[in-house]
Amino acid sequence: MKNTLSNFQASNGAELLKKPINLVLIILFGIFFSLIISKAGVVSGIAFLMLPFLLFFLYQLFTHPKLGIYSTIFMAFVANGITRYVSDAPIGLAVDGILVLSFIAIFVRKQKVEWSEAKSGLTMASVIWMLYNFLELFNPEARSFEAWFYAMRGVSLYMFLAVPLTFILLKDRKDLDLYLNIWLILSMLGSLNGLKQNLIGVDSFEQAWLDAGAAKQHILFGKLRVFSFYSDAGQFGASQAHTLVLAVILALQSGLSLKRKAFYYTAAVLSLIGMFISGTRGAMAVPAIGFMTYLFMSKNFRVFGGGILLGGLIFYLLKFTFIGQNVYAINRMRTALDPNDASLLVRLENQKKLASYLASRPIGGGVGSAGNWGLRFSPNSFLAQTPTDSWFVRIWAEEGVVGLTLHLIILFYIAIKGGMILWNLPDKNLRQQFLAIHAGTLGIYMASYGNGILGQMPTGILLYVGWALMFKAKKLCGMNYPFASKK
C-alpha cells in the first residue's frame, strides 16, 4: 500500500496521461461537460463542476451540524451579491435549505439530541411569531400564496429555525468567538468591496443591476450610494453601522492581545467608512442608540452622561450648523434631521394613506402584499403601490395593528430579558461580548423605523443567532475559557 501511494505521489500529470484509461476518462468528462453547457447553459455547467464540493459540504454538515449555522451566516452575507453575477442560480433559497438540512442532520445523527437546550422564552416567542404568520396565510385580504411563502421567510421563518438550532448546536464560548469572527471578517470584506465601488467604480454586472432600475435609489445627485455585495445601500449602511458598534465594544474588553485589538479596531474603522459611503441616513441610529445602550449597561453613569453630551453635540452640529457641508456623507446624514426633507414628507404622507386603509383591517393586507413582493405578485394592489420604507410600517401594513403589536411585544421582551441577563453577568469579558450584541440589537431596532432593516440579510440571521447565544449566557459563564477572566 505504501509503495502504491509513493508511486502515485511521485508521478506527475504527464505520466498519468500515458495510461489510456485515464486519457479516455478525461476526454469523456470534457465531452460530457461541453454537452451540459451547450444544452443547459453556463450556469448548469458551473453547477455540475460544483457538485463534488456540494457533496463534500453535505457530508461535513451531516457530520458536524453546527456548520449549518456558520454556513447560513456566510450565505446571508453573500447570496444577494451572487445573484447579480449568476441571475439563474438557485441562491435565493440557500439560507432556508441550509437551516432545514441542519435540522435533518440533527435528527439523523447517532448522538442524542438535547432538546431541553432549546427550552427558552426566546424559542417560545419565535414559535408564537411563526404561528401568527402562518395564520396570516388565511387572511381574507391576502392576494397570493407565493407572496406569503417568499415574504414570511425573512419575517418569521428564519427566526423560527435559527433560534432553536443555535440553542442546541452552539454550546461553548469558542462557538461564540467563531460567530463573532465570521461576522467581523465578512463585514470587513463588505467594507473593502464597498471601497472598491466608491474609489474605482462598479463592475459590469453591478452596472447592469443599476441600469435595470436600482440606479433610482443608488445614484443621487450623480453620487453612488455604495451597496457592496448586500441587497442595497440601505442594508449595507445599517449592517456596517451594526458591525461598528460590535467591533468598538469588543475592542474594549480587558486583557486583549495587541493583535486582537488591532483586528477589532480595523473592523471598526472599515465599518465606519462603509456606513458613510453607503449614504444611508437611518444607519446613524445604530451607533447612536447602540453606544448609549452600552454606556448605560456598563453601569458607568458618569461616562454615560458624557456620552449623552457628546451625542447632543453631534446632533447640534448636524442640525444647527453647516460644518462639513461640502462632504457628501455628512451632507447626506444632515438631511435626516431636516423636518422638511422631501423624502420624510413623502413617507409621512404614505403612512397617513396606510392608516386610512388599515383602519378596517386589523390583521393587515397579508404577508407579502407590500414592498417588493407585493410589486412582484400583486403589482396593482394598494399596498404594493404604497411604499412602506420602514420595517415596522411594513409589518403594520401586512399584518395589521394586531401583528405589529405582537411583533413589538416580542422585540421588547428580547431587549428587556437580554438586559436582565447581562446586568449582573459575573464574567466581565463574556459580558462585554454580549453587551456588543445587545447594544447592536437596540440600534437595529431604532434604524428599522426608518428602513426595512431588521429581517433583511445578513442582519436578521446575525440577530437571531446572537439572541439565542445571549439567552444562554449564564450557561456559557460556567465553561472554561482561556481568554476570559472571571471576576
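Before reading on, note that the structure itself is shown above.
Keep in mind the model is a prediction, meaning the values are calculated, not measured.

Chemist: Help me get a handle on helix H19 (residues 391-423), residues and values and all.
Modeler: The end-to-end C-alpha distance of H19 is 29 Å, clearly below the 48 Å that 33 residues give at a rise of 1.5 Å each. Glu399 marks the point of greatest bend in H19, at about 130 degrees.

Chemist: So what's going on with the packing of aromatic side chains? Which residues, and what values?
Modeler: For the coordinates displayed, the defined rule picks out 19 aromatic pairs. Summarising the aromatic geometry, the rings of Trp209 and Phe227 are spaced 4.7 Å apart at their centres and angled 55 degrees between planes, so their arrangement reads as tilted. Within this pair, whereas Trp209 is found in helix H10 (residues 204-218), its partner Phe227 is found in the loop between strand E2 (223-224) and helix H11 (233-251), the two being separated by 18 residues in sequence. Put simply, the rings of Phe77, Phe229, Tyr230 and Phe236 touch in pairs and so form one group of aromatic residues. Between Arg361 and the ring centre of Tyr357, over which it is positioned, the NZ or CZ distance is 3.8 Å.

Chemist: Provide a residue-level description of the pattern of salt bridges, including the pertinent values.
Modeler: Taken as a whole and assessed by the stated rule, the structure comprises 9 salt bridges. Residues Lys472 and Glu117 are paired through a salt bridge, measuring 3.9 Å at the closest nitrogen-oxygen approach. Pair noted here: Lys472 is in the loop between helix H21 (459-471) and helix H22 (473-477) and Glu117 is in the loop between helix H6 (94-108) and helix H7 (121-135), with a separation of 355 residues, a long-range link. On the basis of relative accessibility, which here comes to 22%, the residue Glu117 falls in the partly exposed class. Between Glu206 and Lys196 there is a salt bridge, with its nearest N and O atoms 3.6 Å apart. Remark: Lys196 occurs in helix H9 (residues 173-199) and Glu206 occurs in helix H10; sequence separation between them is 10 residues. Overall, Glu206 belongs to the buried group, its relative accessible area being 2%. Judged by its relative accessible area of 26%, Lys196 is partly exposed. When salt bridges that share partners are traced, they join Glu117, Lys472 and Lys475 into one network.

Chemist: Go over the nonpolar core with me, naming the residues and quoting the values.
Modeler: Ranked by size, the top nonpolar core spans 122 residues in total, and within it Tyr179, Phe434 and Trp467 carry the most contacts. For this core, the element with the highest residue contribution is helix H8 (residues 145-169), accounting for 14 residues. Sequence-distant contacts of Phe434, that is, excluding residues within four places in its chain, are made with Leu176, Leu422, Leu425, Leu469, Met470, Ala473 and Leu476.

Chemist: Provide a residue-level description of a nonpolar patch on the surface, including the pertinent values.
Modeler: Together, Val100, Ile104, Phe107, Val108 and Trp115 make up an exposed nonpolar region whose accessible area comes to about 490 Å². Along the polypeptide, Trp115 turns up in the loop between H6 and H7. For Trp115, a relative accessible area of 40% corresponds to the partly exposed category.

Chemist: If you had to explain the packing of H9 against H21 to someone new, which residues and values would you point to?
Modeler: In the contact formed by H9 and H21, the axes pass within 11 Å of each other and the chain directions differ by 160 degrees. On the basis of their axis angle, the class for H9 and H21 is roughly antiparallel. Every pair of crossing elements has a handedness; the one defined by H9 and H21 is left-handed. For the pair formed by H9 and H21, the contact residues are Leu176, Tyr179 and Trp183 on the first element and Leu462, Val465, Gly466 and Leu469 on the second. By residue class, the composition of the contact of H9 with H21 is 6 nonpolar, 1 polar and no charged.

Chemist: Could you give an account of H7, naming the residues involved and the relevant values?
Modeler: End to end, H7 covers 21 Å across 15 residues, agreeing with the expected 21 Å (1.5 Å per residue, within 8%). Of all the residues in H7, the buried ones are Leu122, Thr123, Ala125, Ser126, Trp129, Met130, Tyr132 and Asn133. Those residues of H7 that are buried are in contact with H8, H19 and H21. Measuring from the backbone nitrogen of Leu122 back to the side-chain oxygen at the start of H7 gives 3.1 Å, which picks out Ser120 as the cap.

The rules behind the values
- Residues numbered from 1 in each chain as written.
- Predicted model: local features only at pLDDT ≥ 70, side-chain atom pairs only at ≥ 80, totals over all residues.
- Heavy atoms only, no water.
- Helix = DSSP H or I, 4+ residues; strand = E, 2+ residues; numbered from the N terminus.
- Expected span 1.5 Å × (residues − 1).
- Bend = angle between axes of the 7 residues up to and from the residue.
- Phe/Tyr/Trp six-rings, centres within 6.5 Å; stacked < 30°, edge-to-face > 60°.
- Lys NZ or Arg CZ within 6 Å of the ring centre and 35° of its normal.
- Salt bridge = Lys/Arg side-chain N within 4 Å of Asp/Glu carboxyl O.
- Buried < 20%, exposed > 50% of the residue type's maximum accessible area, 1.4 Å probe, protein only.
- Core = buried A, V, L, I, M, F, W, Y, C linked by side-chain atoms within 4.5 Å.
- Contact = heavy atoms within 4.5 Å.
- Patch = residues over 30% accessible without salt bridge, like charges linked within 9 Å, V, L, I, M, F, W, Y side chains within 5 Å.
- Areas by Shrake-Rupley, 256 points an atom, 1.4 Å probe, with all protein chains shown as cover.
- Axes fitted to C-alpha atoms, helices over the stretch in contact; angles between N-to-C directions.
- Parallel < 35°, antiparallel > 145°, perpendicular 65-115°, else oblique.
- Left-handed = near helix turned anticlockwise from the far one by under 90°.
- Nonpolar A, V, L, I, M, F, W, Y, C, P; charged D, E, K, R; others polar.
- Polar contact = N/O pair within 3.5 Å; in protein donor to acceptor, adjacent residues only side chain to side chain.

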